[in-house]
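What the coordinates show
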Amino acid sequence: MPHILVAGKLHSAGLALLAEAQAQGFSHDYVEEISEPSYAGLMAGADALVIRTQPLSAATIARGERLRVVSRHGVGYDAVDLPALNARQIALTIIGDVNSVSVAEHAMMLMLAAAKRVNRANRAVRDPGQWGWRNLLEAREISGKRLLILGYGRAGRKLARMAAGFEMEVRAHDPWAERTGWPAGDVRPATDLLAALAWADFVSVHVPRGDRPALGPDEIAAMKPGAVLVNTARGGVVDEAALALALREGRIGAAGLDVFEDEPPQPDAPLLALDQVVFSPHIAGLTLDCAERMAVSSVRNVLDFFAGTIDRSLIVNADALQSQNVSVLR
């Protein structure tokens, strides 16, 4: 029966599901450390891999001679060598809609914290000499302001509904959604990105990482003076050097960042010196509630894969496998 390798700490609900699977003949190894070397030596015996955020390189994939499915504990897979999986006809699965609420809430929190200049407000209380900061009136409201959502998927749509509660005017930029069918609702598509950036008081990023930053120097230069930028998507989606320069020069008012090009960022990273930026350590989707759902879903994908009942929409490379005459439901 299949042997499952779990790479990275898993919520107890996921471990409980693995324990139940033992009665069906499944076995497993569990490595809590999140690094590629920590699990690479166990790949030879694995029929399935449940993996957190650490890399999965072609070299490590080559060690898994029995490997048939990789289940990501999340929705992103930029650290996984997908061509190497396709070449071996190995399925890659992601979890379904289990973290969009957490991500949307976190984006809203960062928008509020950045707008209210929480770092400076906190310092004004802790340092008696800074109490007078309050009279500078740097804090801003978000109610009634304009929000541009870059990437109108599940998290973006949930954020739009939350923003509606603050009576924000919301638009979204998502060429893929425009081509495939714009979601129902009051949010209008913003086809021209540069014009939309000039329009928005707040910008929240929810797109995957591509070959170049979605918001590079030109896009950041197009943003409305004093705007607030929030990124809960992926490091590298926003050009950090261009963002730091715009913040230092006062062209952008504030930012909220949950993700970084280097994680953790280097201590001398320019953005870390700016107190108008609110940071969190890549935790937008890591609430206790969401961790439970992700653990269960990532393990369930493996069990369903071997049972031949997995939802095809959760298999990232289903089309590539079918083009090689590999059944994605087996």
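Nothing here was measured: the structure is a model prediction, and the numbers come from that model.

Conventions adopted
Residues numbered from 1 in each chain as written. Predicted model: local features only at pLDDT ≥ 70, side-chain atom pairs only at ≥ 80, totals over all residues. Heavy atoms only, no water. Helix = DSSP H or I, 4+ residues; strand = E, 2+ residues; numbered from the N terminus. Rg over C-alpha atoms; globule rule 2.2 N^0.38 Å. Buried < 20%, exposed > 50% of the residue type's maximum accessible area, 1.4 Å probe, protein only. Pairing = 2+ DSSP bridges. Right-handed = clockwise from strand over helix to strand, strands pointing away. Phe/Tyr/Trp six-rings, centres within 6.5 Å; stacked < 30°, edge-to-face > 60°. Salt bridge = Lys/Arg side-chain N within 4 Å of Asp/Glu carboxyl O. Axes fitted to C-alpha atoms, helices over the stretch in contact; angles between N-to-C directions. Contact = heavy atoms within 4.5 Å.

Things to note about the overall build of the protein
Looking only at helices and strands, one finds 13 helices and twelve strands in the protein. In terms of overall size, the protein behaves like a compact globule, its C-alpha atoms giving a radius of gyration of 22 Å where 330 residues would be expected to give roughly 20 Å. Projected onto its principal axes, the C-alpha positions of the protein cover 70 × 45 × 35 Å. Taken over 330 residues, the protein has a buried fraction of 51%.

A short note on the pairing of strand E9 (residues 202-205)
Alternating residues of E9 divide into Phe202 and Ser204 and Val203 and Val205, and every residue in both groups is buried. Both strand E6 (residues 146-150) and E9 contribute to a ladder of four bridges, which runs parallel. In the strand pairing of E9, Leu150 is matched with Val205. With four bridges connecting them, E9 and strand E10 (residues 227-231) associate as parallel partners. Residue pairing for E10: Phe202 is matched across the bridge by Val228. You can see the chain leave E9, run along helix H10 (residues 217-222) and come back into E10, and the turn it takes is right-handed.

Digging into the pairing of strand E3 (residues 48-51)
Side-chain alternation along E3 places Ala48 and Val50 on one buried face and Leu49 and Ile51 on a second face that is also buried. Across four bridges, strand E1 (residues 3-7) lies against E3 in parallel orientation. Bridge pairing links Leu5 to Leu49 in E3. Sheet analysis places E3 next to strand E4 (residues 69-72), joined by four bridges and oriented parallel.

Considerations on the sheet that holds E6
Judged by pairing direction, the sheet is parallel, and its seven strands sit side by side in the order E8-E7-E6-E9-E10-E11-E12 without closing on themselves. A strand with exactly one partner marks an edge of an open sheet, and here the two such strands are strand E8 (188-189) and strand E12 (277-279). Here strand E11 (residues 252-257) pairs with E12 via three bridges, running parallel. Its bridge partner being in E12, Ala255 is matched across the sheet by Val277.

Topic: the packing of aromatic side chains
By the definition in use, this model includes four aromatic pairs. Relative to Trp182, the ring of Tyr152 lies with its centre 5.3 Å away and its plane at 20°, an arrangement referred to as stacked. Of the two residues, Tyr152 is situated in the loop between E6 and helix H7 (154-164) and Trp182 in the loop between helix H8 (175-180) and E8; the sequence distance between them amounts to 30 residues. Owing to a relative accessible area of 23%, Trp182 belongs among the partly exposed residues under this scheme. With centroids separated by 5.4 Å and ring planes inclined at 85°, the aromatic side chains of Phe305 and Phe306 adopt a geometry described as edge-to-face. The same class applies to Phe305 and to Phe306, which are both buried. The structure contains a cluster of three or more aromatic residues connected by ring pairs, namely Phe26, Phe305 and Phe306.

What to know about the pattern of salt bridges
Think of it this way: side chains of opposite charge can pair up when their charged atoms draw near. If you walk through the whole model with that rule in mind, you get 14 salt bridges. A salt bridge links Arg234 to Asp78; the nearest nitrogen and oxygen atoms lie 3.1 Å apart. Note that Arg234 is positioned in the loop between E10 and helix H11 (240-248) and Asp78 in the loop between E4 and helix H4 (82-88), a separation of 156 residues in sequence. The exposure class of Asp78 is exposed, given its relative accessible area of 52%. Here Arg154 makes a salt bridge to Asp97, at a shortest N to O gap of 4.0 Å. Here Arg154 is found in helix H7, whereas its partner Asp97 is found in the loop between strand E5 (91-93) and helix H5 (100-115), with 57 residues between them in sequence. Given the relative accessible area of 46%, Arg154 is considered partly exposed. A cluster of three or more residues bridged by salt bridges with shared partners is formed by Arg120, Arg123, Glu138 and Asp275.

Structural notes on the sheet that holds E5
Taking strand neighbours across the sheet as the criterion, the five strands line up as E2-E1-E3-E4-E5 in an open arrangement whose pairing is parallel. Either end of the sheet is taken by a strand with one partner, and the two such strands are strand E2 (27-31) and E5. Sheet twist, expressed as the average angle between the axes of neighbouring strands with direction ignored, equals 15°. This element, helix H12 (residues 288-307), spans E1, E3, E4 and E5 of the sheet and lies at about 155° to E4.

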